[in-house]
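Chain and residue survey
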Amino acid sequence: MAEAGEAIAIAPGVAIHRDEIIETFVRAGGPGGQNVNKVSSAVELRFDLAHSPSLPEAVKARAARIAGRRLTREGVIVIAAQRFRDQPRNRADALDRLVAILREAAEPPVPRRPTRPTRASKQRRVEGKVLRGRTKALRARPTTD
């Protein structure tokens, strides 16, 4: 895990500083017995995405979309980690989840390359329409010739 002031690598040329992450420790619910009532083992990690000087605007926009409900109106990503009974593992879990979001956002989307249907596929489509039309024509009321 990164120490205070150390940069956390996200992608080649993209890193965030440890100082940009704020961790608060709270009491967790769930398993743990009496330990849950005594120890603040859950971690609430906050990362100000909107005002981060480390990330390019394109990465910020994709990260905001990926973060979804974890993003506040102010542009802060909030991750709550209470999966484990001890604080260090919850801290690592929260940081790993933040880094996963940012790494996914750092990958630029693959541009869509428009394709055209082949002549054979167009022909199959038209033949299917003709067959369907013939089937429907059989349902028509008989003509009185």
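Heads up: these notes are all about the structure in this document. (Residues numbered from 1 in each chain as written. Predicted model: local features only at pLDDT ≥ 70, side-chain atom pairs only at ≥ 80, totals over all residues. Heavy atoms only, no water.)

Section: the sheet that holds strand β3 (residues 21–26)
Spelled out, the test is: Two strands are counted as paired when DSSP detects at least two bridges linking them. Note on conventions: DSSP H or I runs of at least 4 residues are helices, E runs of at least 2 residues are strands, and numbering of each starts at the N terminus. To obtain an axis, a line is fitted to C-alpha atoms, over the contacting stretch when the element is a helix, and the angle between two such axes runs from 0 to 180 degrees between their N-to-C directions.
Spatially, β3-β4-β5 is the arrangement adopted by the three strands of the open sheet, whose pairing is antiparallel. What marks the edges here is a single partner per strand, and that holds for β3 and β5 (76–81). Each neighbouring strand pair of the sheet contributes to a mean axis angle of 20 degrees, computed without reference to strand direction. In this structure, β3 lies alongside strand β4 (residues 42–48), joined through six bridges in antiparallel fashion. If you follow Thr24 over to β4, its bridge partner there is Glu44.

A word on helix α3 (residues 87–106)
What counts, and what does not: Helices are assigned an expected span. That span is 1.5 Å times one less than the residue count. Each residue gets one of three labels from its accessible area relative to the maximum for its type: buried under 20%, exposed over 50%, partly exposed in between, using a 1.4 Å probe on protein chains only. Working rule for contacts: check all heavy atoms of both residues, and any pair within 4.5 Å makes them a contact.
Across its 20 residues, α3 extends 28 Å between first and last C-alpha, which sits within 8% of the 28 Å expected from 1.5 Å per residue. Of the residues making up α3, those classed as buried are Asn90, Asp93, Ala94, Leu95, Leu98, Val99, Ile101, Leu102, Ala105 and Ala106. Among the structural elements, β1 (7–11), β2 (14–17), β3, β4, α2 (57–67) and β5 are those in contact with the buried residues of α3.

Things to note about the pairing of β2
A regular strand places its side chains so that they alternate between the two faces of the sheet. Residue alternation in β2 divides its side chains into a buried set, Val14 and Ile16, and an unburied set, Ala15 and His17. Where β1 folds back on β2, the antiparallel hairpin that results is connected by two residues, among which Gly13 adopts a positive phi of roughly 85 degrees.

Some words on the side chain of Asn90
Put simply, the test is: Polar contact criterion, stated in full: a pair of N or O atoms within 3.5 Å, where within protein one must be able to donate a hydrogen and the other to accept it, and residues adjacent in sequence count only if both atoms are side-chain atoms.
Position of Asn90 relative to the elements: it lies in helix α3. Within the local environment of Asn90, its side chain forms a polar contact with the backbone nitrogen of Phe84, the two atoms lying 2.9 Å apart. Here Asn90 is in contact with Ser41, Ala42, Val43, Ala81, Gln82, Arg83 and Phe84, once residues within four sequence places are set aside.

Here's the deal with the pattern of salt bridges
Note the cut-off: The salt bridge definition used is simple: a Lys or Arg side-chain nitrogen within 4 Å of an Asp or Glu carboxyl oxygen.
Going through the model one piece at a time under the given rule, you end up with seven salt bridges. Across the pair Glu44 and Arg46 runs a salt bridge whose closest N-O atoms are separated by 3.4 Å. Among the ionic pairs, Glu57 bridges to Lys60, the shortest N-O distance being 3.4 Å. Here Lys60 and Glu57 lie together in helix α2, a separation of three residues that amounts to about one turn. Relative accessible area serves as the criterion here: at 60%, Glu57 is assigned to the exposed category. Through salt bridges that share partners, Arg18, Glu23 and Arg91 make up one connected network.

Structural notes on the environment of Pro117
Among the secondary structure elements, Pro117 is positioned in the loop between α3 and α4 (119–137). Spatially, the C-alpha atom of Pro117 lies 52 Å from that of Ile22, the residues being 95 residues apart in sequence.

Comments concerning the nonpolar core
What counts, and what does not: Put simply, buried Ala, Val, Leu, Ile, Met, Phe, Trp, Tyr and Cys residues joined by side-chain atoms within 4.5 Å make one nonpolar core.
Membership of the largest hydrophobic core comes to 24 residues, with the highest contact counts inside it found for Ile16, Ile21, Phe47, Leu55, Leu98 and Leu102. Contributing elements (two or more residues each) for this core: β1, β2, β4, α2, β5 and α3. By residue number, the principal contributor to this core is α3, which donates eight residues. Setting aside residues up to four positions removed in sequence, Ile21 forms contacts with Ile8, Ile16, Leu45, Arg46, Phe47, Leu95 and Leu98.

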